[in-house]
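Examination of the molecular architecture
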Amino acid sequence: MTITPQEENMIKALREAALPPLYVLIRIRNEISNDTINVEESRRDDVVKTLEQYIAPLWEDYHKGKNSQTQEGL
């Protein structure tokens, strides 16, 4: 999968903001999913599906960590 200059700039900007990787992936996924002007539909679907594959395990880990913190507080 090739990354367009626009996508690369967006990724760099989010990294420079020192945001958590999960947030960055979700933000990129949402931006690309909603970009009906600059990204072709077939490409948009491919990118969104690929990002969702990366997001799913991170999302599960996030919730496991959040649940364990909640149980430690009991």
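In this report, the structure presented in the accompanying data block is examined. Treat the numbers as computed from the prediction; the structure is a model and nothing was measured.

**What to know about helix α1 (residues 5–16)**
For α1, built from 12 residues, the straight-helix expectation of 16 Å at 1.5 Å per residue is met to within 8% by its first-to-last C-alpha distance of 16 Å. Listing the buried residues of α1 in full gives E7, I11 and L14. Taken down its axis, α1 places every buried residue within 65° of arc, on the same side. Facing away from the buried side of α1, by more than 90 degrees, are the exposed residues P5 and E16. At the C-terminal side of α1, A18 shows a positive phi close to 55°.

Criteria and thresholds
Residues numbered from 1 in each chain as written. Predicted model: local features only at pLDDT ≥ 70, side-chain atom pairs only at ≥ 80, totals over all residues. Heavy atoms only, no water. Helix = DSSP H or I, 4+ residues; strand = E, 2+ residues; numbered from the N terminus. Expected span 1.5 Å × (residues − 1). Buried < 20%, exposed > 50% of the residue type's maximum accessible area, 1.4 Å probe, protein only. Arc of directions from axis to C-beta.

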